[in-house]
Amino acid sequence: LLAALFIGIVAELWADRHNQPSVIYAISAAIPMIPGKSMYQSVQALLGIATMAAEADGTALLVAAGVHGVKAIMMVLALAFGIAAPLLLLPKRGK
């Protein structure tokens, strides 16, 4: 969240300096922060459930998929809120 706030603030400052929309800079900086590993582990656990035998217990895989999925969603939401906060909280200065 702190890194996303920093990205949002710097994107706002950089956008004002270059007369461009801040979204260009914010999204470009935030893309590498998307939690690909957690998303991959969640999908991998779901695929493990899909390929296991009918009599096998998939509880551990289901829990792993849920934990990794929720972790990935929380990170993406923190990125979104952190980037959007400066846009919403800092007033625009007239030129």
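Scroll up to find the structure.
Residues numbered from 1 in each chain as written. Predicted model: local features only at pLDDT ≥ 70, side-chain atom pairs only at ≥ 80, totals over all residues. Heavy atoms only, no water.

Peer 1: Honestly, the environment of tyrosine 25 in this entry has me stumped. Any pointers?
Peer 2: Along the chain, the position of tyrosine 25 falls in helix 2 (residues 22–30). Taking the C-alpha atoms as reference points, tyrosine 25 and glycine 8, separated by 17 residues in sequence, lie 8.5 Å from one another. The contacts of tyrosine 25, once residues within four sequence positions are left out, are Ala11, Trp14, Ala15, His18 and Gln20. (Helix = DSSP H or I, 4+ residues; strand = E, 2+ residues; numbered from the N terminus. Contact = heavy atoms within 4.5 Å.)

Peer 1: Can you walk me through the nonpolar core in this structure?
Peer 2: The nonpolar side chains of soluble globular proteins are, as a tendency, buried together. Formed by Ala4, Ile7, Ala11, Ala26, Ala30, Leu79 and Ile83, the largest nonpolar core amounts to seven residues. Looking at this core, the element that brings in the most residues is helix 1 (residues 2–18), giving three residues. The residues touching alanine 26, leaving out its near neighbours within four places in the chain, are Ile7, Ala11 and Ile83. (Core = buried A, V, L, I, M, F, W, Y, C linked by side-chain atoms within 4.5 Å. Buried < 20%, exposed > 50% of the residue type's maximum accessible area, 1.4 Å probe, protein only.)

Peer 1: Mind showing me how you'd approach the packing of helix 1 against helix 4 (residues 59–89) here?
Peer 2: Two measures define how a pair of helices packs: the angle their axes make with one another and the distance between the axes. Between helix 1 and helix 4, the shortest axis-to-axis distance is 7 Å and the interhelical angle comes to 35°. Regarding helix 1 and helix 4, the two cross each other, and that crossing is right-handed. Of the residues in helix 4, those in contact with Ala4, Leu5, Ile7, Gly8, Ile9 and Glu12 of helix 1 are Ala78, Leu79, Gly82, Ile83, Ala85, Pro86 and Leu87. (Axes fitted to C-alpha atoms, helices over the stretch in contact; angles between N-to-C directions. Left-handed = near helix turned anticlockwise from the far one by under 90°.)

Peer 1: How should the packing of aromatic side chains be read in this particular structure?
Peer 2: Aromatic ring pairs: the centre-centre distance and the angle between the two ring planes describe each pair. If you walk through the whole model with that rule in mind, you get one aromatic pair. Seen in terms of ring centroids, tryptophan 14 and tyrosine 25 are 6.4 Å apart; in terms of plane orientation they differ by 85°. Their pairing is edge-to-face. Linking tryptophan 14 in helix 1 with tyrosine 25 in helix 2, this pair joins segments that are eleven residues apart in sequence. For tyrosine 25, a relative accessible area of 25% gives the class partly exposed. (Phe/Tyr/Trp six-rings, centres within 6.5 Å; stacked < 30°, edge-to-face > 60°.)

None of this, on its own, says anything about what the molecule does.
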